[in-house]
Amino acid sequence: MDEHFFISSGSDVRETYYVSSVDFELDGITYILMGFDLDMTADELFGMAEEMFAAK
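This one's a predicted model, so the numbers in the text were calculated from it and none came from an experiment. Starting afresh in each chain, residues are numbered from 1 along the sequence in its written order. For a predicted model such as this one, the threshold for reporting local features is a pLDDT of at least 70, and the threshold for listing and counting side-chain atom pairs is 80 or more; totals across whole chains, interfaces and linings nevertheless cover every residue. Water and hydrogen atoms play no part in the side-chain values, which are based on all heavy atoms of the structure.

Asks: For this particular structure, what's the right way to read a nonpolar patch on the surface?
Replies: To count toward a patch, a residue needs a relative accessible area over 30% and no salt bridge; like charges are then connected within 9 Å, while nonpolar side chains (Val, Leu, Ile, Met, Phe, Trp, Tyr) are connected within 5 Å. Shrake-Rupley sampling with a 1.4 Å probe provides the accessible areas, and residues are treated as covered by the protein chains on show and by no other component. Salt bridge criterion: a side-chain nitrogen from Lys or Arg within 4 Å of a carboxyl oxygen from Asp or Glu. Where nonpolar side chains cluster on the molecular surface, the patch consists of Y17, V19, I32, M34 and F36 and spans about 560 Å² of accessible area. Here the nonpolar patch gets three residues from one element, more than from any other, and that element is strand 2 (residues 29-36). Its location among the elements puts I32 in strand 2. By definition, any uninterrupted DSSP run of H or I lasting at least four residues is a helix, any uninterrupted run of E lasting at least two residues is a strand, and each is numbered from the N terminus.

Asks: So what exactly am I meant to see when it comes to the packing of aromatic side chains here?
Replies: We describe a pair of aromatic rings using the distance from one ring centre to the other and the angle between the two ring planes. Between the rings of Phe, Tyr and Trp (Trp by its six-membered ring), a pair exists once the centres lie within 6.5 Å; its type follows the angle of the planes, with under 30 degrees stacked, over 60 edge-to-face, and the other angles tilted. Per the stated rule, a full pass over the model turns up two aromatic pairs. Ring plane angle 20° and centroid distance 5.4 Å describe the contact between F24 and Y31, whose orientation is recorded as stacked. Centroid distance F24 to F53: 4.9 Å. Interplanar angle 35°. Geometry classified as tilted. Taken together, the residues span a long stretch of sequence, with F24 in strand 1 (residues 19-26) and F53 in helix 1 (residues 42-55) at a distance of 29 residues. What links up through ring pairs into an aromatic cluster is the set F24, Y31 and F53.

This is how it looks when you write it as structure tokens:
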């Protein structure tokens, strides 16, 4: 059990989710790409961010 991260609100059921994200600023706008329990590597997530840079 990870003692650092938990939220409990009226339920005894324990569920674990993993969050992956990358954030960056482009032309004064902050972008955040985030997913829960992704089947992606960090390189793939950064690749998505690079595609956004290239599209500008």
